[in-house]
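Here is how the chains run, residue by residue.
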Amino acid sequence: LGSYYCQTGRDVAVHLFEWKWADIEKECSWLAEHGYCAVQVSPVHENRVITDPPYPWYQRYQPVSYKMGSRSGNDAQFRSMVSTCNNLGVFIYVDGVFNHMTGGGSGVGSDGSSFNADSKSYPGVPYGENDFHGSAECQTSNGEIQDYNDANQVRNCMLVGLRDLKGSSEYVRGMTSDFMNYLIGVGVAGFRMDACKHMWPGDLEALYGRLNNLNTQWFPAGTRPYIYQEVIDMGSEPIKASDYTYLGRVTEFKHGKNLGDVIRKNNGQRLSYLSNFGESWGQLSGTDALVFIDNHDNQRGHGAGGFGTILTFFEANMYKIANAFELAWQYGHVRIMSSYNWPRNIVNGVDVNDWMGPPGNGGVTANAVCFNGDWICEHRWRQISNMVRFHNAALGYPVSNWWDNGGDRIAFGRSGKGFIVINNEGSEFSQSFSTGLPAGTYCDVISCDNNRSPCGNSGGSCRGEFTVDGSGMAQITVPSGEDPMIALHV
Ligand code: QV4
Ligand code: CA
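Along each chain, the written sequence defines residue order, and numbers are assigned to residues from 1. Labels are handed out in written order, letters beginning with A for the chains and numbers beginning with 1 for the ligands. Where totals are concerned, whole chains, interfaces and linings use all residues; where local detail is concerned, this predicted model gives features only for residues with pLDDT of at least 70, and gives and counts side-chain atom pairs only at 80 or more. Side-chain metrics in this entry use all non-hydrogen atoms of the structure; hydrogen atoms and water are not considered.

Once that is clear, we can look at the confidence of the model for the protein. On average, the protein scores 97 in pLDDT, and the residues at 70 or more come to 99%. For this predicted complex, the interface confidence reaches an ipTM of 0.97, while the overall pTM sits at 0.98. Each residue carries a pLDDT score, the predictor's own confidence in it, on a scale running from 0 to 100.

In structure tokens, the structure reads:
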């Protein structure tokens, strides 16, 4: 489904986690200017409002109805955002939560609908008892998933107590596809499908089969929605990511884990081992994979990964190296994480503040202002956003000109469109590289604002121009320490 997931010449998505629709609408101009292709937005449906702990981010993953009111905004704000962003050529992907509704208890959701999970009653949809899996489908003692080696449990029992929808029901398929088709009508280009490991591929196939083509106000007639499915497959369970690739892309969690291990030098890993990174490392085919260095779960210890592996903005220098490699390499559809800050506090391997919601007060989200307050905006970091441009310049051009020192220094090109050197060792070094680039002068986009002469200078950090001669050779001094990379592109 959905091979048309970006405008031609663009390729990179960003997850603006917990941003409000009005703020995303504003950000789309910046994203368009800097070559981003799409935004993954937080769940748009009405959600449970949790007060203990107060208003955690994860309340967004407990649907109460498919009404459009959440702390990110209302229906009118959502529609306005989609229209503005589409007009700028920046697509919107919605995070769709269709495996379940809320955890136990009752209350009123973010858009005024009541619910009672104990009687499986969600009048805002409406859903009732018959629309959920029960003891007929799930045989565990408490109705929850207890054994990930039993595929039936994983699909038919509750994920951490979340009321599990019966995806085989025509009625449930109707309600969920009506909601997705509503969003498609508004102009969204695709969906991140949450918790797909917990849904049967056949049920998803039936659901996707009901989806309309994209809105022809912005997309070519006959365009199918873009679908990427969240399945965490670290290799140890019977349910595989590859069980879902026939339906659309799948999140490849091994990618960020592997890069985290290499850049941290865990277990003797070295940068030079990356020369065949991708499928040969047991990852999905790149054309099936949605990849990222971290996501909203594993940056706070949820999902898979582990704090000693996954890199996040908390370890900014290694994080920039990881993102630069990911964007320079040719593998997968890349999604950049854009986070908010919180007082991460890891005690015995668990972040005791892992629940904390976005900046704001009393469950009301503050305006997202990059670099002013607690919005981290990794997508705007020069070292990342300039590598998005590198990525676009090299789109479709294979990796070439590989070089390594057998340790933690590597370089590679992209068939004449780009060249990067990464130095993950303790000292700077200088040598002549075969870049494959056409003769000319190039700015280092890691340290400078642009790739044209004169190189834009951010606060004096710019390392300036590099000259490539007629045979593609360039003398390059590669720094160590902060931003130990030089990246050049046409
Ligand atoms: C708790 C107990 C249960 C108990 C229940 C009582 O753990 O045993 O039955 O209380 O009702 C929250 C709480 C969780 C609580 C649950 C139900 O954290 O402690 O259960 O609510 O009340 C996010 C968070 C979850 C959160 C959930 C819903 O990560 O902690 O649960 O939202 O608010 C697996 C899956 C994968 C999943 C990953 C995290 O295969 O699909 O775990 N990833 C996606 C999303 C993720 C989201 C969900 C799935 C669920 O990326 O953000 O979970 O929509 O690997
Ligand atoms: Ca399920």
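Next, the rest of the story.
Buriedness of a pocket was judged along seven lines, with at least five required to meet protein on both sides within 12 Å; pockets are open sets of points on a 1 Å grid over the protein atoms alone, cavities are sets where a 1.4 Å probe fits but cannot get out, and lining residues have an atom within 4 Å of a point. Grid points are joined across faces, edges and corners, and a volume is the space filled by probe spheres set on the points. Evaluation of the coordinates by the stated rule reveals one cavity of 30 Å³ or more. Counted as a void, the largest cavity has a volume near 160 Å³. Around the largest cavity, the lining is made up of 17 residues, and of these Phe98, Leu165, Gly167, Met199 and Asp203 lie nearest the centre. Only DSSP runs of H or I with at least four residues qualify as helices, and only runs of E with at least two residues qualify as strands; both kinds are numbered from the N terminus onward. Of all the secondary structure elements, the ones that give two or more residues to the lining of the largest cavity are helix 3 (151-156), helix 4 (170-186) and helix 5 (201-209).

Let's shift gears to the coordination of the calcium ion (ligand 2). Each metal's donors comprise the N, O and S atoms found within 2.8 Å of it (within 3.2 Å for Na, K or Ca). Water is not part of the atom list, so some coordination spheres may appear incomplete. Protein coordination at the calcium ion (ligand 2) comes from Asn99 (OD1), Arg155 (O), Asp164 (OD), Asp164 (OD) and His198 (O), with a distance range of 2.4 to 2.6 Å. Written as a sequence motif, the donor arrangement for the calcium ion (ligand 2) is N-x55-R-x8-D-x33-H. Of this pair, Asn99 sits in the loop between strand 3 (91-96) and strand 4 (106-108) while Arg155 sits in helix 3; the two residues are 56 residues apart in sequence, bridging distant segments of the chain. Considered together, Asn99 and Arg155 belong to a single accessibility category, that of buried residues. Note on exposure labels: buried denotes an accessible area under 20% of the residue type's maximum, exposed denotes more than 50%, and partly exposed covers the range between, all computed with a 1.4 Å probe on protein chains only.

Residue position: Met234 is located in the loop between strand 7 (226-229) and strand 8 (249-251). Owing to a relative accessible area of 32%, Met234 belongs among the partly exposed residues under this scheme. Sequence separation of Met234 and Glu252 is 18 residues, and the distance between their C-alpha atoms is 8.8 Å. Those residues in contact with Met234 that sit more than four places away from it in its chain are Phe253, Lys254, Lys257 and Ala304. Note on contacts: a residue pair qualifies if any of its non-hydrogen atoms lie within 4.5 Å across the two residues.

Now for the site of ligand 1. For this description, a residue counts as near a given molecule or strand if any of its non-hydrogen atoms is within 4 Å of it. The local shell around ligand 1 holds 21 residues, among which Tyr58, Glu144, His198, Glu230 and Asp297 are the closest. Here a polar contact is recorded for every N or O atom pair within 3.5 Å, except that within protein the pair must consist of a potential hydrogen donor and a potential acceptor, and residues adjacent in sequence are included only if both atoms are side-chain atoms. Here an oxygen atom of ligand 1 and a side-chain polar atom of Gln62 are 2.9 Å apart. At 2.9 Å, a side-chain N or O of His296 approaches an oxygen atom of ligand 1. We get accessible surface area from the Shrake-Rupley algorithm with a probe of 1.4 Å; when it comes to residues, only the shown protein chains can shield them. Summarising the interface, the protein chains cover 73% of the accessible area of ligand 1, which totals 930 Å² for the free molecule. To qualify as sitting in a cavity or pocket, a molecule needs more than half of its atoms within 2 Å of the grid points. More than half of the atoms of ligand 1 fall within 2 Å of the grid points belonging to the largest pocket. The residue inventory of the shell around ligand 1, partitioned by class, reads seven nonpolar, nine polar and five charged. Residue polarity is assigned by list, with Asp, Glu, Lys and Arg as charged and Ala, Val, Leu, Ile, Met, Phe, Trp, Tyr, Cys and Pro as nonpolar; anything else, Gly included, falls into the polar class.

By convention, a stacked pair of Phe, Tyr or Trp rings (six-membered ring in the case of Trp) has centres within 6.5 Å and planes under 30 degrees apart, an edge-to-face pair has planes over 60 apart, and any other such pair is tilted. Taken as a whole and assessed by the stated rule, the structure comprises 39 aromatic pairs. Consider the rings of Tyr93 and Tyr228, whose centres lie 5.7 Å apart with planes at 75°: the pair is edge-to-face. In this pair, Tyr93 is assigned in strand 3 and Tyr228 in strand 7, connecting sequence segments 135 residues apart. The buried category is assigned to Tyr93, whose relative accessible area is 0%.

When DSSP finds at least two bridges between two strands, those strands are taken to pair. The strand order 1-2-3-6-7-8-9-10 describes a closed barrel built from eight strands, whose pairing is parallel. In this sheet, neighbouring strand axes are inclined to one another by 30° on average, regardless of whether the strands run parallel or antiparallel. With respect to the sheet, helix 1 (residues 21-33) is in contact with strand 1 (12-16) and strand 2 (36-41), its orientation differing from that of strand 2 by roughly 165°. Whenever a helix is involved, its axis is fitted only over the stretch in contact; in every case the axis is a line through C-alpha atoms, and angles between N-to-C directions fall within 0 to 180 degrees.

Turning our attention to the pairing of strand 10 (residues 333-338). Most of strand 10 is tucked away, with six of its six residues classed as buried. Of the two faces of strand 10, both are covered, the one formed by His333, Arg335 and Met337 as well as the one formed by Val334, Ile336 and Ser338. One ladder, built from two bridges, connects strand 9 (residues 289-291) with strand 10; its direction is parallel. By the bridge assignment for strand 10, Val291 is matched with Val334. With strands facing away from the observer, any crossover in which the path from the first strand over the helix to the second runs clockwise is taken as right-handed. A crossover links strand 9 with its parallel partner strand 10, the connecting element being helix 7 (residues 316-328), and its sense is right-handed.

Let's shift gears to the layout of surface pockets. Quantified by volume, the largest pocket comes out at close to 610 Å³. Together, 24 residues line the largest pocket, and Leu159, Val160, Leu162, Asp297 and His302 are the ones closest to its centre. By residue class, the composition of the lining of the largest pocket is 11 nonpolar, seven polar and six charged. Approximately 240 Å³ is the volume attributed to the second largest pocket. Around the second largest pocket sit 18 residues that line it, and Pro54, Met356, Gly357, Pro358 and Gly360 are the ones nearest its centre. Of all the secondary-structure elements, those providing two or more residues to the lining of the second largest pocket are strand 13 (360-361) and strand 14 (364-365). Tallied by class, residues from the lining of the second largest pocket come to nine nonpolar, seven polar and two charged.

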